[in-house]
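# Secondary and tertiary structure notes
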Amino acid sequence: MSKVFKGKAWKFGDHIDTDVIIPARYLVSSDEKTLGAHCMVDIDKDFVKKISPADMIVAGENFGCGSSREHAPLAIKGAGCSCVIAASFARIFYRNAINVGLPIFECPEAAEAIETGDEITVDPAAGTIENKTKGQVFKVAPFAPFLQDLIGGGGLVPYVRRQLAERGKSA
Amino acid sequence: MGRTLVREIIAAHSNQAAAEGEICRVKVDFAFANDITGAPAAESFREMGAKKVFDRERCAFLPDHFTPNKDIASAEQTKAGREFALEQGMLYWEVGRVGIEHAFLPEKGYILPGDIVTGADSHTCTGGALGALSTGVGSTDLAAVWALGETWMKVPPTIRVNFTGERPGWVTGKDMILSLIGRIGVQGARYMALEFGGEAVESLPMDDRFTIANMAVEAGAKTGLFVPDEKVLAYAGERAAREFTPLYPEKGASYFKTETFDLEKMTPVAAMPHSPDNVKPVRECGAPVIDQVFIGACTNGRLRDIETAAKVMEGKKVAAGVRCIVIPASYEVYNAAMDKGYLKIFTEAGAVVCTPTCGPCLGGHMGILAAGERCVSTSNRNFVGRMGSPGSELILASPMTAAASAVTGRLTDPRDVMPEDFFTKLED
Ligand code: SF4
């Protein structure tokens, strides 16, 4: 998590659900790029065209509520977004984002203050979100230690690999 | 501080104290995926270097969303899931013998009291009706469970929900859960568990309990559990695919808060577009004109739902210009509804009866809405574009309200088309 993210903010409201992040009619693929082409289409049909690589989604409460589709964080990644900042995340989306490697930051103050078009820098290691446009800096609470280890170790897939290897040894 | 039911279950599945907020490594009793989430789970499973699922009798693949396959892409996706299931020798049922996962698995006794169940589908919380900690996860999380037989869980705080008073016949499980979501909001239980109880639950049919547990996730909850009682134990006992140990909350369990509902004061309600917490009494919704009615989904496609809807529709006709689509949630339900003559009531009224599938619930197939169209649905989500065009509207309600609306062509309280004694007779 040492990478720093720099990009423009695209602001959304509360309760952005997985059906608008990636509508079910596109769930016949789980390819990141294919899904990314339709990201947010039902709420802003030009979203994918408007954003530049590394831009970020900033949203209110309960981002990613609704279905368990991992296609939602994949679509956001596939669209080219670097990360998501929200006041809060829905439970399954939170796990899925970590598992598919979409960086997410829970920060109600930043989510409230940031507006579309603001230039944002997120430094996960320092735990800061900086709004360059407005000259504000926000603190992000760190992940729980278990999650830090999970993320630091490359995510869930390598975690399971290690677990299986250990079991292999002890068997 | 006594333990809530969810804490009891987590403690029994880990060797940790399961204090609130603690992250625990828990053993999982059952883990499943569907035709959308199965193929990516299989892919992650292989990436993890896993060779065999942890237990072939506890891992399942169920095609139910776009099946019978609606197009080539969904056929390919289902095929990938099926091939993985066959290669692993895990549980798998073909179209014609399955049903919507959250109706089918409890029916077949794969989700049992005291279990921890993970499903790659958000409505896995439906299993909470049996007193199981049953919760939705994504495909990668599910693959990890298939590989390891365990997962991590943060111990959630619990909101206790008590239903009191005598339930009038027009109040269904759907009205009860919508009333709760209307009160606490779509994130009222985010990161929490809901625990349902109270004296009115005792007489509540199992099918209504499944409906209530099903929509726990619409309040943001990890799961929604009923404390096992005689009804639960009888239901699970006659179906159980394996042994189980029911668990209970401790006396004096400590809850984040308690919400109480007096059912005597409850009326049929509806969630208006576009959020499950936009809930109002049906009679105060202004009777909007509708184009479609959908009776089905993992929320309300069980026998009691089909039965109550059929009884409202008996001898009547679906209003001119309205499409009414009825989809029993499983073949057990479908066949029982056929034996009892309910399916005939629907088709004679001018409704369509389809084979068990999620179908229109997620905007998949068999009843997609055009822009400007409005549908009364017994499903669980009325997000923008959920059943088709982003320009369509969805109203969530009970099967009786849906059936009454199909008959009048407007959103209608079932009490406005049925005499009062109809509802008293429903009770037995
Ligand atoms: S019926 Fe609807 S909510 Fe239930 S599993 Fe299927 S798509 Fe999901």
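What counts as what
The numbering scheme is per chain: residues are counted from 1 as the chain's sequence reads. Labels are handed out in written order, letters beginning with A for the chains and numbers beginning with 1 for the ligands. Note on the predicted model: pLDDT of at least 70 is required for a residue's local features to be given, and 80 or more for side-chain atom pairs to be given and counted; whole-chain, interface and lining totals, by contrast, use all residues. To obtain the side-chain values, all non-hydrogen atoms of the structure were included, while hydrogens and water were left out. Secondary structure elements follow DSSP: runs of H or I no shorter than four residues count as helices, runs of E no shorter than two count as strands, and numbering proceeds from the N terminus. Taken over C-alpha atoms, the radius of gyration is set against a globule rule of 2.2 Å times the number of residues to the power 0.38. Each residue's exposure class comes from its accessible area (1.4 Å probe, protein chains only) as a fraction of the maximum for that residue type: buried when under 20%, exposed when over 50%, partly exposed otherwise. The contact definition used throughout considers only heavy atoms, calling two residues in contact when any of these lie within 4.5 Å. An automatic or database domain assignment supplies the residue ranges for each domain. When two parts are brought into contact, each loses some accessible area as probed by a 1.4 Å sphere; the total of that loss over both is the buried area. Each salt bridge in this description consists of a side-chain nitrogen of Lys or Arg and a carboxyl oxygen of Asp or Glu lying within 4 Å of one another. A 3.5 Å cut-off defines polar contacts: any pair of N or O atoms within that distance qualifies, except that in protein one atom must be a possible hydrogen donor and the other a possible acceptor, and neighbouring residues in sequence count only when both atoms are side-chain atoms. Near, as used in this document, describes a residue that has one of its heavy atoms within 4 Å of the molecule or strand being considered. Side-chain classes follow a simple rule in which Ala, Val, Leu, Ile, Met, Phe, Trp, Tyr, Cys and Pro form the nonpolar group, Asp, Glu, Lys and Arg form the charged group, and the remainder, Gly included, forms the polar group. Two strands pair if DSSP finds at least two bridges between them. In this analysis, axes come from line fits to C-alpha atoms, helices being fitted only over the stretch in contact, and the angle between any two N-to-C directions falls in the range 0 to 180 degrees. Any pair of Phe, Tyr and Trp rings, taking the six-membered ring for Trp, is counted once the centres come within 6.5 Å. Such a pair is stacked with planes under 30 degrees apart, edge-to-face with planes over 60 apart, and tilted for the rest. Relative orientations are named as follows: roughly parallel for angles under 35 degrees, roughly antiparallel for angles over 145 degrees, roughly perpendicular for angles from 65 to 115 degrees, and oblique for any other angle. Crossing handedness: left-handed means the near helix sits turned counterclockwise from the far one by under a right angle, and right-handed means the same turn made clockwise. Per residue, pLDDT captures the predictor's confidence, and it can take any value from 0 to 100.

On a plain count of helices and strands, chain B comes out with 14 helices and 18 strands. The globule rule puts the C-alpha radius of gyration for 428 residues at 22 Å, and the 20 Å found for chain B is close to it. Among the 428 residues that make up chain B, the fraction classed as buried is 67%. In chain B, once contacts between residues fewer than 6 apart in sequence are set aside, the share between residues at least 24 apart is 76%.

Now for the domain arrangement of chain B. All names here are of chain B. The assigned domain composition of chain B is domain 1 (5–261) and domain 2 (269–426). Facing 40 residues of domain 1, the contacting portion of domain 2 comprises 42 residues. Regarding the contact of domain 1 and domain 2, the summed buried area is about 3300 Å², with carbon and sulfur atoms giving 61% of it. It is I100, W170 and K174 in domain 1 that bury the most area against domain 2; as a group they hold 20% of the surface buried on that side. Across the contact surface, domain 1 and domain 2 share three salt bridges. Summed over the shared surface of domain 1 and domain 2, the number is 24 residue pairs in polar contact (both at pLDDT 80 or more). Listing elements by their share of the side of domain 1 that touches domain 2, those giving two or more residues are α4 (101–107), α6 (173–184) and α7 (206–214).

Right, let's get into the site of the ligand. Residue and element names in this part refer to chain B. Around the ligand sit H65, I100, H102, D121, H123, A297, C298, C358, C361, L362, N380 and R386, and those are all the residues in its vicinity. Of the residues that constitute the shell around the ligand, the class distribution is six nonpolar, four polar and two charged. Looking at which domains feed residues into the shell around the ligand, each of domain 1 (5–261) and domain 2 (269–426) gives three or more.

Our next topic: helix α10 (residues 303–313) of chain B. Side chains three or four residues apart in an α-helix point the same way, a direct result of the helix having 3.6 residues per turn. Residue and element names in this part refer to chain B. Taking burial as the measure, the 11 residues of α10 include nine buried ones, the bulk of the element. All buried positions along α10 are accounted for by R304, D305, I306, E307, T308, A309, A310, V312 and M313. At the exit of α10 stands G315, carrying a positive phi of roughly 75°.

The next point concerns the environment of B:K222. Structurally, B:K222 is set in the loop between α7 and β10 (223–226). Residue B:K222 is classed as buried on the basis of its relative accessible area of 6%. Here the alpha-carbon distance between B:K222 and B:H123, two residues 99 residues apart in the chain, equals 9.9 Å. Not counting the four nearest positions on each side in its chain, B:K222 is found in contact with A:R91, B:C125, B:S134, B:T135, B:M153, B:K154, B:P156 and B:M192. Of note is the side chain of B:K222, whose polar atom sits 2.9 Å from the backbone oxygen of B:K154.

If you look at the interface, chain B gives 45 residues, while chain A gives 43 residues. Of the roughly 3700 Å² buried at the junction of chain B and chain A (both faces included), carbon and sulfur atoms supply 57%. A per-residue breakdown of the area chain B buries against chain A is headed by B:L148, B:W152 and B:Y191, which together make up 18% of the total. Note that B:E150 and A:R167 form a salt bridge whose closest N and O atoms lie 3.8 Å from each other. At the boundary of chain B and chain A, one finds 21 residue pairs in polar contact (both at pLDDT 80 or more). Of all the secondary-structure elements, those providing two or more residues to the side of chain B that touches chain A are β1 (23–27), α2 (38–47), α3 (72–88), β6 (133–136), α5 (139–148) and β7 (150–154) of chain B. For the side of chain B that touches chain A, the element with the most residues is α5(B), which contributes six residues. In terms of residue class, the side of chain B that touches chain A is built from 21 nonpolar, 14 polar and 10 charged.

Below, the discussion takes up the sheet that holds strand β7 (residues 136–139) of chain A. Within a sheet, adjacent strands bond to each other through the backbone by hydrogen bonds, running parallel or antiparallel. Residue and element names in this part refer to chain A. Reading across from one edge, β4-β3-β2-β1-β5-β6-β7 is the order of the seven strands in this open sheet, with mixed pairing throughout. Each edge of the open sheet is held by one strand with a lone partner, namely β4 (104–106) and β7. Here the strands of the sheet are splayed against their neighbours by 25° on average, with no regard to which way each runs.

The subject of this paragraph is the packing of aromatic side chains. Residues and elements named next belong to chain B. For the structure on display, the rule yields 24 aromatic pairs over all chains. Aromatic pair F30 and F32: ring centres 6.3 Å apart, planes at 40°, arrangement tilted. Their ring planes at 25° and their centres at 5.4 Å tell us that F84 and W146 sit as a pair that is stacked. One end of the pair, F84, is in helix α3; the other, W146, is in helix α5, with 62 residues separating them in the sequence.

Turning our attention to the packing of α10(B) against helix α13 (residues 399–408) of chain B. All names here are of chain B. At a minimum axis distance of 8 Å, the contact between α10 and α13 shows a crossing angle of 30°. Viewed along their axes, α10 and α13 adopt a mutual orientation that is roughly parallel. As for the relative orientation of α10 and α13, their crossing is right-handed in sense. Residues D305, T308, A309, V312 and M313 of α10 form the contact with α13, whose participating residues are P399, M400, A403, A404, A406 and V407.

For the rest of this paragraph, the subject is the confidence of the model for chain B. Confidence in the prediction for chain B averages 97 pLDDT; 100% of positions are at 70 or higher. With pTM at 0.96, the complex prediction returns an ipTM value of 0.92.

Quick look at the pairing of β7(B) now. All names here are of chain B. Among the five residues in β7, four count as buried, and that is most of the element. Pairing of β1 with β7, which is carried by five bridges, proceeds in the antiparallel orientation. From the neighbouring strand, C24 faces β7, where its bridge partner is M153.

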